[in-house]
Amino acid sequence: MSRIISTGLVKAGLLMGYKVASETGDRQAGGTVLAACGVAAFTVWQRDAGTARAAALTGTYVAAFGLSHPLAKKIGAWPAVFAVTGATALASMIFGGRKKTRETR
């Protein structure tokens, strides 16, 4: 269940962050959405996957935001946002879950 929550937060942060920024013209408002969802996702990842994976996934999330800008110049804004969101959501689903321990195997 927590993979669904963290992945939902990733999608909400990237998609809604862009939507808020583009609809309002206020990049800081979009950044606030992006940051709030990123912090919440980090918290879920840290609890379930550990600090190292949470940091790596947060880095992926931030990199996705950064990469969407040059990608948008090549394929358009929304397609770029959808592409980086999909890739980041996939990473969250694969790496954001509970670590297997001897007790859970």
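Look up: the structure comes first, before these words.
So, how was this worked out
Residues numbered from 1 in each chain as written. Predicted model: local features only at pLDDT ≥ 70, side-chain atom pairs only at ≥ 80, totals over all residues. Heavy atoms only, no water. Axes fitted to C-alpha atoms, helices over the stretch in contact; angles between N-to-C directions. Helix = DSSP H or I, 4+ residues; strand = E, 2+ residues; numbered from the N terminus. Parallel < 35°, antiparallel > 145°, perpendicular 65-115°, else oblique. Left-handed = near helix turned anticlockwise from the far one by under 90°. Contact = heavy atoms within 4.5 Å. Patch = residues over 30% accessible without salt bridge, like charges linked within 9 Å, V, L, I, M, F, W, Y side chains within 5 Å. Areas by Shrake-Rupley, 256 points an atom, 1.4 Å probe, with all protein chains shown as cover. Salt bridge = Lys/Arg side-chain N within 4 Å of Asp/Glu carboxyl O. Buried < 20%, exposed > 50% of the residue type's maximum accessible area, 1.4 Å probe, protein only.

Caption draft 1: Structural detail: the packing of helix α1 (residues 2-24) against helix α4 (residues 77-95). Two numbers describe how α1 lies on α4: the axes approach to 9 Å, and their chain directions differ by 165°. With respect to α4, the axis of α1 lies roughly antiparallel. Helix-helix and strand crossings are classified by hand; for α1 and α4 the assignment is right-handed. Side by side, α1 and α4 meet where Arg3, Ser6, Thr7, Val10, Lys11, Leu14, Leu15, Tyr18 and Lys19 of the first sit next to Ala77, Trp78, Val81, Phe82, Val84, Thr85, Thr88, Ala89, Ser92, Met93 and Ile94 of the second.

Caption draft 2: How the structure looks around a nonpolar patch on the surface. There is a patch of nonpolar side chains on the surface, built from Leu90, Met93, Ile94 and Phe95 and spanning about 380 Å² of accessible area. Residue class for Phe95 comes out partly exposed when judged on its relative accessible area of 44%.

Caption draft 3: Structural detail: the environment of Ala56. Tracing the backbone through its elements, the reader meets Ala56 in helix α3 (residues 51-75). The sequence separation of Ala56 and Gly96 amounts to 40 residues, and the corresponding C-alpha distance is 9.9 Å.

Caption draft 4: Summary view of the side chain of Ser68. You can see Ser68 is positioned in helix α3. A relative accessible area of 10% places Ser68 in the buried class. In this structure, Ser68 is in contact with Ala80 and Val84, ignoring residues within four places of it in sequence.

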